[in-house]
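# Chains, contacts and geometry: an overview
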Amino acid sequence: MSSEQKLNLFKLKLNNKEQKISILLGFLIIILSLILVIVNINSNNTRTVMIYLAGNNLESDSAIATSDLEAINPKKINLKNNKILIYTGGTKKWFNFIESDENAIYELKENGFEKVKSFPQKNMGNYEVFKEFLTYSYDNYKTDKYDIIMWDHGLGSLGTISDEYTNDYLTPNELEKAFSESPFNHKKISTLAFHTCLNSTIEMAGVLHKYVNYMIASEEVTWGATNYNVLGYLNDIDKLKNDYDYARTYIESYKKQMSELGISKDITYSILDLKNYPKVEKNLNDFIKNINLENNYNDIAKIRSNIHQYGLEHLDYDTVDLYELISLIKNYSKSDSAKLLTSLKEFIKYNWTNNEHSNGVSVYFPYNGNDTVKKLHLDVYNNLNYLTDYKYFINSFYKKQANA
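## Section: the nonpolar core
Core analysis: the biggest nonpolar cluster contains 76 residues, and Tyr52, Phe130, Met150, Phe179, Phe347 and Tyr390 have the highest contact counts within it. Top element by residues in this core is helix α4 (residues 127-140). It accounts for seven residues. Ranked by size, the runner-up nonpolar core spans 41 residues in total, among them Ala65, Ile149, Leu234 and Ile237.

## Here's the deal with the environment of Phe179
Inspection of the secondary structure puts Phe179 in helix α5 (residues 172-180). Residue class for Phe179 comes out buried when judged on its relative accessible area of 0%. As a C-alpha pair, Phe179 and Val212 span 33 residues in sequence and 9.8 Å in three-dimensional space. Leaving out residues up to four positions away in the same chain, Phe179 has contacts with Phe130, Leu134, Ile148, Phe184, Asn185, Ile189, Leu192, Leu208 and Tyr211.

## Comments concerning the packing of α4 against α5
The contact between α4 and α5 brings their axes to 9 Å, and the two run at 35°. Where α4 crosses over α5, the handedness of that crossing is right-handed. Contact residues: Tyr127, Phe130, Lys131 and Leu134 in α4; Glu174, Leu175, Lys177, Ala178 and Phe179 in α5. Considered class by class, the residues forming the contact of α4 with α5 number six nonpolar, no polar and three charged.

## Structural notes on the layout of surface pockets
In this model, the largest pocket occupies a volume close to 160 Å³. Taken together, Leu58, Ile64, Trp151, Asp152, His153, His195, Thr196, Cys197, Thr222, Trp223, Gly224 and Tyr228 form the lining of the largest pocket. Its residues placed into classes, the lining of the largest pocket shows six nonpolar, five polar and one charged.

## A closer look at the confidence of the model for the protein
In the predicted model, the protein carries a mean pLDDT of 91, and 89% of its residues have values of at least 70. In this model residues 36-43 is a low-confidence stretch, pLDDT under 50, and it forms one contact with partners more than four residues away in sequence or in other chains.

## Points about the pattern of salt bridges
If you walk through the whole model with that rule in mind, you get 21 salt bridges. Residue Glu99 pairs with Lys115 through a salt bridge whose shortest N-O separation is 3.1 Å. Of this pair, Glu99 sits in the loop between β2 (82-89) and β3 (102-109) while Lys115 sits in strand β4 (residues 112-120), and the two are 16 residues apart along the sequence. In this structure, Glu346 and Lys279 form a salt bridge, with 3.3 Å as the shortest nitrogen-oxygen distance. Residue Glu346 is located in helix α11 (residues 338-347), and its partner Lys279 is located in helix α8 (residues 277-288); the two are separated by 67 residues in the primary sequence. For Lys279, a relative accessible area of 44% puts it in the partly exposed group. Sharing partners across several salt bridges, the network here consists of Arg47, Lys145, Asp147 and Asp243.

## Describing the environment of Ala104
By secondary structure assignment, the location of Ala104 is in strand β3. By relative accessible area, Ala104 is classed as buried at 0%. Setting aside its immediate chain neighbours within four residues, Ala104 contacts Ile86, Tyr87, Thr88, Lys115, Lys117, Ser118 and Phe119.

## Things to note about the pairing of strand β5 (residues 145-151)
For β5, the buried fraction is high: six of the seven residues fall into the buried class. As judged from the seven bridges shared by strand β1 (residues 47-54) and β5, these two strands associate in the parallel manner. Residue pairing across strands places Val49 opposite Asp147, the latter belonging to β5.

## Digging into the packing of aromatic side chains
Summed over all chains, the structure comprises 26 aromatic pairs. The interplanar angle of 25° and the centroid separation of 6.2 Å between the aromatic rings of Tyr52 and Phe133 together place this pair among those described as stacked. Taken together, the residues Tyr52 in strand β1 and Phe133 in helix α4 connect sequence positions 81 residues apart. Plain terms: the ring middles of Phe179 and Tyr211 are 5.3 Å apart, the flat faces sit at 15° to each other, and that makes the pair stacked. With Phe179 in helix α5 and Tyr211 in the loop between α6 (202-208) and β9 (212-217), the pair connects residues that are 32 residues apart, well separated along the chain. An aromatic cluster of at least three residues, connected via ring pairs, comprises Tyr52, Tyr87, Phe119, Phe130, Phe133, Phe179 and Tyr211. One residue, Arg248, lies across the ring of Tyr350, its end atom 3.9 Å from the ring centre. Lying across the ring of Tyr244, Lys349 places its NZ or CZ 5.6 Å from the centre.

## Quick notes on the sheet that holds β4
Across the sheet, nine strands lie side by side as β4-β3-β2-β1-β5-β8-β9-β10-β12; this open sheet has mixed pairing. The sheet is open, and its two edges are formed by β4 and β12 (348-353), each paired on a single side. Going from strand to strand, the sheet's axes swing by 15° on average, the running direction of each strand aside.

Procedures and definitions
- Residues numbered from 1 in each chain as written.
- Predicted model: local features only at pLDDT ≥ 70, side-chain atom pairs only at ≥ 80, totals over all residues.
- Heavy atoms only, no water.
- Core = buried A, V, L, I, M, F, W, Y, C linked by side-chain atoms within 4.5 Å.
- Buried < 20%, exposed > 50% of the residue type's maximum accessible area, 1.4 Å probe, protein only.
- Helix = DSSP H or I, 4+ residues; strand = E, 2+ residues; numbered from the N terminus.
- Contact = heavy atoms within 4.5 Å.
- Axes fitted to C-alpha atoms, helices over the stretch in contact; angles between N-to-C directions.
- Left-handed = near helix turned anticlockwise from the far one by under 90°.
- Nonpolar A, V, L, I, M, F, W, Y, C, P; charged D, E, K, R; others polar.
- 1 Å grid on protein atoms, 1.4 Å probe; cavity = no way out; pocket = protein on both sides within 12 Å on 5 of 7 lines; lining within 4 Å.
- Points joined across faces, edges and corners; volume = space filled by probe spheres on them.
- pLDDT = per-residue confidence, 0-100.
- Salt bridge = Lys/Arg side-chain N within 4 Å of Asp/Glu carboxyl O.
- Pairing = 2+ DSSP bridges.
- Phe/Tyr/Trp six-rings, centres within 6.5 Å; stacked < 30°, edge-to-face > 60°.
- Lys NZ or Arg CZ within 6 Å of the ring centre and 35° of its normal.

Structural data, given as structure tokens:
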């Protein structure tokens, strides 16, 4: 065999070897890609649940917060993948491991909640305090998903979380400020559950849609007792497939509690898909600005006087179901209501209620509250930078009612 033939044979063997190496590398790349996909799928199951727990008189009078916390069983939760945090304060007396003269952050460990950070006593109705909890949680607990539970009293469109020491509360604008100044201005919260009364309002959704995927809340007053244990749903957190499952499991836990307490009147809870909020706001503004209130005030006032109002024993809150309101006043607008009602159905992902008037989200409409409280509501409302045409409408209605 000549030297040239030997060289060609060597080149052929080399090419064959390179081909085999290329095929092997190709297989390795495919295998590595599959491993990365599996790892990513598994990593999407990690969560941090932040419970902003202002005990208020619910705890100091009845130990309801204590009972709810006792329902969380660390033995049933994979604490490697799921971090459960509580920020405590806002009550004059705790009936558990929490100290009343400070605010603190606790993390759920194998043997229960352990304090990880303490603060001097602070007003939980101050947005800076809520922002402090958001920031600490994000900076110290890196997970794929984050969820929030707001635990306390709710005040309809006025706000949420009332501090027993100060009676101060978080207004919609303060919530907006807390989120916008926290790391969650670029990382969306998976779900936010209002473990409160009356907070399933369009005003709350208007704040949260930029920062949260799903909002879980009640249009009506919520109920509780010393065996109040809705937070026990967290024991099933490892079984939940997605954010909607998480939201539904919260409501199923509330349903179970209502059944155990034997309460069956005017109970509601809904899940709002906040990505659909902007369409609702646009359609509501278009619909409401095409109502001539000057010509139709008496008719609309009569409708408002007969419409179902939430928390009726608390006349101050003046919230009514938005879907029902639009359905009843649709003939007074030059704008077709169908587009708005359809967008509301897309927005209200799930609604559980035994009240025929309840469709899932309420809105403030001044009527029964005394004048001082109406002005308080409108002061909060007029500081909102959204729902502009609806804001103008209710201000005009208020003035006409005051002069009637």
